[in-house]
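Descriptive analysis of the structure
Here's the letter readout for the chains.
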Amino acid sequence: MAACLQLNAKPFTPLVSPNPLSKHTSKLGRVRCSAAPPSKRYTITLLPGDGIGPEVISVAKKVLNLAATIEGIEFKYQEMPVGGNALDLTGVPLPEETLLAAKQSDAVLLGAIGGYKWDKNEKHLKPETGLLKLREGLKVFANLRPAVVLPQLVDASTLKREVAEGVDLMVIRELTGGIYFGQPRGFGTNENGEEIGFNTEVYAAYEIDRIARVAFETARKRQGKLCSVDKANVLEASMFWRKRILEIALDYPDVELSHMYVDNAAMQLVRNPKQFDTIVTNNIFGDILSDEASMITGSIGMLPSASLGESGPGLFEPIHGSAPDIAGQDKANPLATVLSAAMLLKYGLGEENAAKRIEAAVLDTLNRGFRTVDIYSSGTKLVGCKEMGEEVLKSVDSLVPSPV
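To keep things clear, this report deals only with the structure shown in the data block.

So, how was this worked out
- Residues numbered from 1 in each chain as written.
- Predicted model: local features only at pLDDT ≥ 70, side-chain atom pairs only at ≥ 80, totals over all residues.
- Heavy atoms only, no water.
- Salt bridge = Lys/Arg side-chain N within 4 Å of Asp/Glu carboxyl O.
- Buried < 20%, exposed > 50% of the residue type's maximum accessible area, 1.4 Å probe, protein only.
- Patch = residues over 30% accessible without salt bridge, like charges linked within 9 Å, V, L, I, M, F, W, Y side chains within 5 Å.
- Areas by Shrake-Rupley, 256 points an atom, 1.4 Å probe, with all protein chains shown as cover.
- Helix = DSSP H or I, 4+ residues; strand = E, 2+ residues; numbered from the N terminus.
- Pairing = 2+ DSSP bridges.
- Axes fitted to C-alpha atoms, helices over the stretch in contact; angles between N-to-C directions.
- Contact = heavy atoms within 4.5 Å.
- Phe/Tyr/Trp six-rings, centres within 6.5 Å; stacked < 30°, edge-to-face > 60°.
- Lys NZ or Arg CZ within 6 Å of the ring centre and 35° of its normal.

Focus: the pattern of salt bridges
Taken as a whole and assessed by the stated rule, the structure comprises 22 salt bridges. Note that aspartate 155 is salt-bridged to arginine 161, the shortest N-O span being 3.0 Å. For arginine 161, a relative accessible area of 37% gives the class partly exposed. Sharing partners across several salt bridges, the network here consists of Glu217, Arg220, Lys221 and Asp254.

And the structure:
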């Protein structure tokens, strides 16, 4: 089974709503689980990567395994190098063997890539180049990044409570086009003989149309509001973006469409984030705005993402970086990766029940007061990456369906 964009079949909703337990409380109880015999088998490619990547992937793998055991699912894992780790082992940031394994799997779970060690490498030898090639190779063009302020963490947001409370938005980022991939690009000299660097922001109609349809379908399954973010007052590529969005909008009269320039959108996300429901934007703007939205929630360490294509396996990863300054110190927050694993189950494999178990376990762990340093506040219990993972496992193991 492969992740794909079945736009009329599978709703795109945020992974964690402010209180997902509210829909399931009557059917969830604290009883010891018993494992079901495996009835479904999947192959998962694990890409731990660099920095804190191996630490958070280790936690997510354990959570995946427990949820799978309860649900009668069996996983076969392939762990492959990517990014700086691959550079050290093979001399390239994305070995052919890694991409082949990813393509042949049912889903891919990535930790993080990059680090100071490789910052001065030439572009083709940077860890980030491996990530871009991975996305391109898997043809995952739609990046879904939910940003939800959980009631348990509203005081962790840097925004005032009245601004942050109740925020529930989805950023849909076009992932395989735009300035990150456009040609021509490179270095040269101008007419004055001065050294220059240049990149090209370019989109074809089909690239905009397909991400637009994902966005409209997503908005239709949420609150019916879609904001398209561009820079159409300056950039021709954005003018074309807006033109195509308006064309696709004709097929979705039930969705309320608005447009916003990216600089204003950045301001409005801080000023009044609750005005947004679903946002669609290009590659570079989505990269920036989704990171900004993450901080509304209190920590970038809490947010997962899913990258999907028209066919083939999806790529699931936390949106945080490799954090080399805390790598190996047991300080990382593994919850974004755990929730990415839940997105893998939900969007990649269609295993809704297992995904809900993990979602509920994360909230239960937070309800019990456990916090890593990035979300810690007075009155809660400070734990490291491993202990946070152990507490999530306890919740997965105890929050199981009770007999009706």
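As for a nonpolar patch on the surface
Together, Val373, Tyr376 and Leu382 make up a nonpolar patch on the protein surface, roughly 290 Å² of accessible area in all. Within the secondary structure, valine 373 is located in the loop between strand 14 (370-371) and strand 15 (381-382).

Comments concerning the sheet that holds strand 10 (residues 256-261)
Sheet strands pair by backbone hydrogen bonding; their relative direction is either parallel or antiparallel. Reading across the sheet, the 10 strands line up as 3-2-4-13-12-5-6-11-9-10 and stay open at both edges, with mixed pairing between neighbours. Looking along the sheet, the strands with just one partner apiece sit at the ends: strand 3 (73-79) and strand 10. On average, adjacent strands in this sheet sit at an angle of 25° to one another, irrespective of strand direction. In terms of strand pairing, strand 4 (residues 107-112) meets strand 13 (residues 314-318) through three bridges, oriented parallel. Its bridge partner being in strand 13, valine 108 is matched across the sheet by leucine 315. Relative to the sheet, helix 1 (residues 53-71) contacts strand 2 (40-49), strand 3 and strand 4, its axis offset from that of strand 3 by approximately 160°.

Thoughts on the packing of aromatic side chains
Scanning all chains against the criterion turns up four aromatic pairs. Ring centres of tyrosine 42 and phenylalanine 75 lie 6.2 Å apart, and the angle between their planes is 40°; this geometry places the pair in the tilted category. Of this pair, tyrosine 42 sits in strand 2 while phenylalanine 75 sits in strand 3, placing them 33 residues apart in sequence. Judged by relative accessible area, tyrosine 42 falls into the buried class, the value being 6%. When its relative accessible area of 11% is taken as the criterion, phenylalanine 75 is described as buried. When the centroid spacing of 5.9 Å and the interplanar angle of 55° are considered together, the rings of phenylalanine 75 and tyrosine 77 count as tilted. One aromatic cluster is present, built from ring pairs that chain together Tyr42, Phe75 and Tyr77. Directly above the aromatic system of tyrosine 77 lies the positively charged group of lysine 61, at a separation of 4.9 Å from the ring centroid. Residue placement shows arginine 210 over the ring face of phenylalanine 141; its charged tip is 4.2 Å from the ring centre.

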